[in-house]
Amino acid sequence: MKLTKVSFFPTILLVTFVLFVIIWGFLGISLSDFKRLFLDGEFLSAVIFGLETSFVSVALSSLFGIPAGFLLARSEKFLVKVIDVVFDVPIIIPPLIVGVLLLNVFNNSFILEFYSFVFTFWGATIAQFFIAFPFTVKASKSAFELVPPIYERIAMTLGANYYKSFFDTTFKLAKSGILTGLVLSWLRSLGEFGATLIVGGGIAYKTENIPINIYLKIMEGNFREGLAASLFVVLVAFVSVLFIKLILTKNKVRL
Amino acid sequence: MIEAVLKKDFGNFSIDVEIQFRSLRNVLFGVSGSGKSSILKMIAGFYEPDYGRVVVNGRVLLDTERGVNIPIYKRNVGYIPQEYTLFPHMDIEANLLYGVKAKGLKFDKDKFDFLVELTGLKNLLKAHPYQLSGGQRQRVSLVRALLVEPDILLLDEPFSALDRPIRDGLKELLVELLESFKVSAIFVTHDLEEAYEFSEEIAILENGRIVQTGEKGEVFSEPKSRSIAELLGFKNIFEIDELKNGEIVVKGFSFKVERLKNNCRFAFIRPEDVFLLRMDRDISDKENVLFGRVLRVFEKPSGMLLKIKSKELVVYSKVTRHVVDKMGISEGMRVAVSLKRDAIVCGDGT
C-alpha cells in the first residue's frame, strides 16, 4: 500500500476527533445561550479586557519580536544562536509557572518603588506578552529566512538606502509569514489563562479575561454558560485564522 | 576605467588582487571557488575587504586607508547575479522603474520605450516575474540596471542558468547595450568560450590571486604558466627536458619554437595548432613533424580530437570531421603531425 494511503487513516481519525469535540459542544447549547451570554455584563467586560490586553500584547510583540526575528534570521553569531534558544523558554514552561515567576519579580521592592503591577491591566498584559511574543519571533525568523538577502542588495544598487531597500523587498516578501506569527501571538494572548490569573488576579470587571470568566462560570456551576463562552472563543479563533488565510492566499507572492 | 585593490582573509581562503581594466568589456575568469564572485561583491560594496581601494572612472568608492567607504546605494554600480534578480512581488514595469524612482531620476520615456522595445519586453510590462522565462528575466534585470545610468555593470555569471541559444542571444544584446550606452562592465564567468567571446580585457583568477591579465588576444595566445594554459584550453602540455640551440627537447623529440623565454619549463600548444599531414605528399618542408599512431578518436561538437602517441609522447590534434572521413583516420593508424612553430608557447610550471 502506498504511504499516502496508509497515512490517510490516522489523518481521518484526527480530523474526526477535533470536529467531534467541537460539534458536540455546539450540540450542547442553543442560540438563546449565546444571547444570554451577551447580556452578561461580567462576560462582556471580560471580552473587552481580553481584547485590550491581547492587542497591547501583540503590539509589543510586533515592536520587539519582528526585529528580533530578523536578527535571528540573518546573524550567524554564536550569541544569536543562544538567544534563539532563550526564546524557546516562554513556550516550554507552563503559563502558570510564568505567572509565579512574574509575580516574584513584580513583588520585588525595587520594582514596587516604580509601579505595582500585581492585579492590574499592565501586569496581566505583560504576563500575556511574555508568553505570546516568541510566536512572533519564531514566525518572523522563518519568514525572513525564506527571503534571500540578494533582493535587498539589488534594491540598494538601484539607489534605495538601507531602510527603503529592506521595506521594499525583504519585509514585503516576509509580510505574510510575520502576519501569521502575529495572529498566533494574539490568539495565544486572548486565550491565556494561568499567568494572567496569577498576575492579574482575575478580579471581576477589572482583570478578568475570557478564559478566567469561563473558569469562574464553571466553578460557580454555570456549566452551560461556560460552554457557550468557550464556543464563542472557538468561533473567534476560527474566523481570525480563516480571515488571515484568505488575505494570505490573495496576496501570495510567487517566487 | 576600473581599478580595484582588494585583500580579504576568509580564514581557509584569501583574496589578494590588483585589477585594472580600461575596456568596456572586461572578464574575470576562473574556476568556481577562485574568488570571482567575492571580488565583484566587494566592488559593489556588499561587504568590505580587510584592505582595499576601488576607483571607478576616477571616483573613489572605497579606500580603507583613508576611511572612504561609499555605501552601496551611492556607488552607482549595477549588479546582475545568476538568479533571484527580479523582485517577485512587483510586476515587470515596477521592477524596471524601481531604480528610477528610488534614485529620484527624471523618467526618460524615450529611453524606456527604446529599451523595452529592443529587449522585447513591451507586452510583458504587466506580467509578474514568475510568468517570465529565465532569459526574459535577465533582460528585465539588464534594462532595470541600465535605466539608472550606472558607471559600471557587474555581471556575476548572469547567463549560466540559461540554455545555450538564449544565452547567445543575451550576450549579443548585452554587448549591444554596453556599447550604445558606453557603460563598462565586469563579467564574471567560468566558461572559457563565454570569456573569450565577451572580453576585450581579461583577468584570470586562481585561488584568490590574479595569475594573468591583459588584452584578450595576448592572454589567450600566451598563457604564462601551465595551470593557465590548462584553463585556456591548451590540451597539449609538455614538460621540457632540455633547451638546446633555440629548440626544446621533450621526451627525446626536438621542436623548434619561435619565442623562448628564460623560465621555460613547460611548452603548450592548442590541439587546433597540431596539423595532420597527408602522408602521400612531400612533407619534408613541414616544421616539427612527428610520426605516431592514433590511440583514440574523440567526437566533439566542433570537430574531431585525435589522441596520437609517438614513443612516450602523447599529442592531441584537432581536425574537422571532413578530414577524418577523407583521410580514413581510424584508431591504430599511423599518422604524421606538424606542431606549428609559432603556436608553441612556453611558460613556468605553476
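Residues numbered from 1 in each chain as written. Chains lettered and ligands numbered in written order. Predicted model: local features only at pLDDT ≥ 70, side-chain atom pairs only at ≥ 80, totals over all residues.

Trainee: Sorry, what's going on with the overall build of chain A here?
Mentor: A tally of helices and strands in chain A yields 13 helices and zero strands. Listing every helix and strand of chain A by position from the N terminus yields α-α-α-α-α-α-α-α-α-α-α-α-α. Along the longest, intermediate and shortest principal axes, the C-alpha atoms of chain A span 65 × 65 × 35 Å. A buried classification covers 38% of the 255 residues belonging to chain A. Considering only residue pairs separated by 6 or more positions, chain A has 79% of its internal contacts joining residues 24 or more positions apart. (Helix = DSSP H or I, 4+ residues; strand = E, 2+ residues; numbered from the N terminus. Buried ≥ 20, exposed ≤ 12 C-beta atoms within 10 Å, placed from the backbone. Contact = placed C-beta atoms within 7 Å.)

Trainee: Whenever I open this one, the interface of chain B and chain A confuses me. Can you help?
Mentor: One widely used convention gives an interface's size as the accessible area the parts lose upon coming together. The partner chain A presents 19 residues to the 21 residues of chain B that form the contact. Elements with a contribution of two residues or more to the side of chain B that touches chain A: α2 (72-75), β7 (77-80) and α3 (92-103) of chain B. Among the elements that make up the side of chain B that touches chain A, the one with the highest residue count is α3(B) (four residues). When its residues are assigned to classes, the side of chain B that touches chain A shows 14 nonpolar, five polar and two charged. (Nonpolar A, V, L, I, M, F, W, Y, C, P; charged D, E, K, R; others polar.)

Trainee: Would you mind going over the nonpolar core with me for this structure?
Mentor: Considering soluble globular proteins, one finds that nonpolar side chains tend to be buried as a cluster. Core analysis: the largest hydrophobic core is formed by 136 residues, its most contacted members being Ala127(A), Ile43(B), Leu154(B), Ile186(B) and Ala267(B). The dominant element in this core, judged by the number of residues it contributes, is helix α8 (residues 121-145) of chain A, at 13 residues. Split by domain, this core shows at least three residues from each of two domains, domain 1 (2-221) and domain 2 (235-347) of chain B. If we ignore the near neighbours within four places in the chain, the residues touching Leu154(B) are Leu40(B), Ile43(B), Ala44(B), Val77(B), Gly78(B), Tyr79(B) and Ile186(B). (Core = buried A, V, L, I, M, F, W, Y, C linked by C-beta atoms within 7 Å. Domains from an automatic or database assignment.)

Trainee: Is there a simple way to explain unusual backbone geometry in this structure?
Mentor: Of all residues except glycine, most have a negative phi; of all peptide bonds, most are trans. Residue and element names in this part refer to chain B. Positive phi, close to 50 degrees, is recorded for Asn57, a residue that is not glycine. Along the chain, Asn57 turns up in the loop between β4 (51-56) and β5 (59-63). Judged by the 11 C-beta atoms lying within 10 Å of it, Asn57 falls in the exposed class. For Glu157, which is not glycine, the phi dihedral falls at a positive 45 degrees. What makes Glu157 buried here is the crowd of 20 C-beta atoms within 10 Å.

Trainee: Hey, could you run me through the environment of Tyr130(B) in this one?
Mentor: Among the secondary structure elements, Tyr130(B) is positioned in the loop between α4 (109-118) and α5 (134-147). Between the C-alpha atoms of Tyr130(B) and Gly217(B), which are 87 residues apart in sequence, the distance is 40 Å.

Trainee: How should I be thinking about α5(B) in this particular structure?
Mentor: Three- or four-residue spacings in an α-helix give side chains the same orientation, since the helix completes a turn every 3.6 residues. Residue and element names in this part refer to chain B. The end-to-end C-alpha distance of α5 is 20 Å, a good match for the 20 Å that 14 residues give at a rise of 1.5 Å each. All of the buried residues in α5 are Gln136, Arg137, Gln138, Arg139, Val140, Ser141, Leu142, Val143, Arg144, Ala145, Leu146 and Leu147. Check the buried side of α5 and you find it contacts β7, α3, α4, β8 (152-156) and α6 (164-181). Phi for Glu149, located one or two positions after α5, is positive at around 50 degrees. (Expected span 1.5 Å × (residues − 1).)

Trainee: It is not clear to me how the pairing of strand β21 (residues 334-339) of chain B should be interpreted in this structure. Could you clarify?
Mentor: Two faces make up the sheet, and in a regular strand the side chains alternate between them. Residue and element names in this part refer to chain B. Pairing analysis gives four bridges linking strand β17 (residues 274-277) to β21, with the strands arranged antiparallel. Counterpart to Phe275 in the pairing with β21 is Ser338. Note: strand β18 (residues 289-300) against β21, five bridges, orientation antiparallel. Directly across from Gly292, in β21, lies its bridge partner Val335. (Pairing = 2+ DSSP bridges.)

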